[in-house]
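Analysis of the macromolecular model
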Amino acid sequence: MTLQQLKYILTIVRSGSISEAAKRLFISQPSLSNAVKEIEMEAGIEIFLRSSKGIVLSSDGAEFLSYARQVVEQAELLEQRYMNRKPSKKLFSISTQHYAFSVQAFVGLLKELNVDEYECTLRETRTHEIIEDVRNMRSELGIIYMSDFNRKVIQKILKDNELRFHPLFQAEAHVFISEEHPLASKELLDIEDLDDFPCLAFEQGEYNSFYFAEEILSTRTYKKKILVSDRATLFNLLIGLNGYTISSGVLNKDLNGEQIKSVRLRTDESIQVGYIVNQKASLSQLAAAYVLKLKTVITDFGYPIIKQEDELA
């Protein structure tokens, strides 16, 4: 088993397919497929599960990937130290629900990253896809929330997929509204106060279960409701239609602009935001640094970090 073969595996996981990885590696797809088969035969495990829809990491493959990443990172450090090799391009991918603080942490991390080249992916996407991304190691970690309503369901899904949730902070429910909204002067709102205004929420595709919703109170009946797929559209509709969305209340004006404000929502339900990781894999140095940056950003917003003995970072 060679260092180059281990790099092949890492590239396939990051690319999501053998064909795309072959393009990035500038080798033929059959050659890459044969290299993978050789590694699997030598290791005595099946690293990738193959189907008509493509490939995903097996349980053994996720564990293998964890060791492979450590070996490659250490080899690169040796090359830089003793062979004057140029530092490799930093690669990193996360998936997240639509949170400004996760974007702010991502921005902060890259600003401090002292390298000439990097290739990073920040995927704001649906709850089910976040779980799938981390399960298949397409992303090293995913940012989601849990509440009393969805906790048992989400925890079961995570357990079934050998994923672990690490809580970051607890937040009371808020709504985001326009600074020009008729209720913008209020410091506390009841959900009934908003009945005449459009409720904006992120659609969850074919997995549009109440338990996958990014907003609490998902089972409530709303007179006006609009589903969107991205944060920019949501904020444009929020301003243009005097709409609102239920959120954690963490609002970054540098990223979201000055036209949005956060108002406390009266409800007994709170939100626990955290990150999920694959239990079969360890975080790369860059992913661990991102977790630390997340905690710094959250603390700067005035939220205490939840202490947990088995925190990864």
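First, a word on scope: everything that follows refers to the structure included in this document. From a predicted model like this one, the values you see are computed outputs, not experimental measurements.

About the criteria used
Residues numbered from 1 in each chain as written. Predicted model: local features only at pLDDT ≥ 70, side-chain atom pairs only at ≥ 80, totals over all residues. Heavy atoms only, no water. Helix = DSSP H or I, 4+ residues; strand = E, 2+ residues; numbered from the N terminus. Buried < 20%, exposed > 50% of the residue type's maximum accessible area, 1.4 Å probe, protein only. Areas by Shrake-Rupley, 256 points an atom, 1.4 Å probe, with all protein chains shown as cover. Lys, Arg positive; Asp, Glu negative; His and termini not counted. Charge placed at Lys NZ, Arg CZ, Asp CG, Glu CD. 1 Å grid on protein atoms, 1.4 Å probe; cavity = no way out; pocket = protein on both sides within 12 Å on 5 of 7 lines; lining within 4 Å. Points joined across faces, edges and corners; volume = space filled by probe spheres on them. Nonpolar A, V, L, I, M, F, W, Y, C, P; charged D, E, K, R; others polar. Pairing = 2+ DSSP bridges. Axes fitted to C-alpha atoms, helices over the stretch in contact; angles between N-to-C directions. Contact = heavy atoms within 4.5 Å. Salt bridge = Lys/Arg side-chain N within 4 Å of Asp/Glu carboxyl O.

Take the overall build of the protein next. When its secondary structure is counted, the protein shows 10 helices and 13 strands. Seen through its C-alpha atoms, the protein measures out along the principal axes to roughly 65 × 40 × 40 Å. In the protein, buried positions account for 48% of the 313 residues. As displayed, the protein has an accessible area near 15800 Å², and 48% of this comes from carbon and sulfur atoms. In the protein, the 37 positive side-chain charges and the 44 negative ones have mean positions that sit 2 Å from each other.

The subject of this paragraph is the layout of surface pockets. As a volume, the second largest pocket reaches approximately 580 Å³. If you go around the second largest pocket, you meet 23 residues; those closest to its centre are Ile55, Val56, Glu132, Asp133 and Asn136. Among the elements of the structure, α1 (3–15), β1 (48–51), β2 (54–57) and α6 (127–135) are those that each provide at least two residues to the lining of the second largest pocket. Taken together, the residues of the lining of the second largest pocket sort by class into eight nonpolar, eight polar and seven charged.

A word on the sheet that holds strand β6 (residues 163–172). The strand order across the open sheet formed by five strands is β4-β3-β5-β13-β6, and the pairing between neighbours is mixed. In this open sheet, the two strands that pair with only one neighbour each are β4 (118–124) and β6. Ignoring strand direction, the axes of neighbouring strands in this sheet form an average angle of 20°. As defined by bridge partners, strand β5 (residues 141–146) adjoins strand β13 (residues 270–278) across six bridges and the pair is classed as antiparallel. Its bridge partner being in β13, Tyr145 is matched across the sheet by Val273. Across the face of the sheet, helix α7 (residues 151–160) comes into contact with β5, β6 and β13 while running at roughly 155° to β5. Contacting β3 (90–96), β5, β6 and β13, helix α10 (residues 285–300) runs over the sheet at an angle of about 50° to β3.

Here we come to the environment of Gly142. Structurally, Gly142 is set in strand β5. Residue classification places Gly142 among the buried positions, given a relative accessible area of 0%. Residues Gly142 and Glu132, spaced 10 residues apart in sequence, show a C-alpha to C-alpha distance of 9.5 Å. Excluding residues within four positions of it along the chain, Gly142 makes contact with Ser95, Ile130, Val134, Gly274, Tyr275 and Ile276.

Taken as a whole, this structure holds 14 salt bridges when the rule is applied. Note that Arg24 and Glu20 form a salt bridge whose closest N and O atoms lie 3.7 Å from each other. Of this pair, Arg24 and Glu20 both sit in helix α2 (residues 18–25), four residues apart, roughly one helical turn. On the basis of relative accessibility, which here comes to 37%, the residue Arg24 falls in the partly exposed class. Owing to a relative accessible area of 30%, Glu20 belongs among the partly exposed residues under this scheme. In this structure, the salt-bridge partner of Asp195 is Arg220, at a minimum N-O distance of 2.9 Å. Separated by 25 residues along the polypeptide, Asp195 in the loop between β8 (188–189) and β9 (199–202) and Arg220 in the loop between β9 and β10 (225–228) bring together distant segments of the chain.

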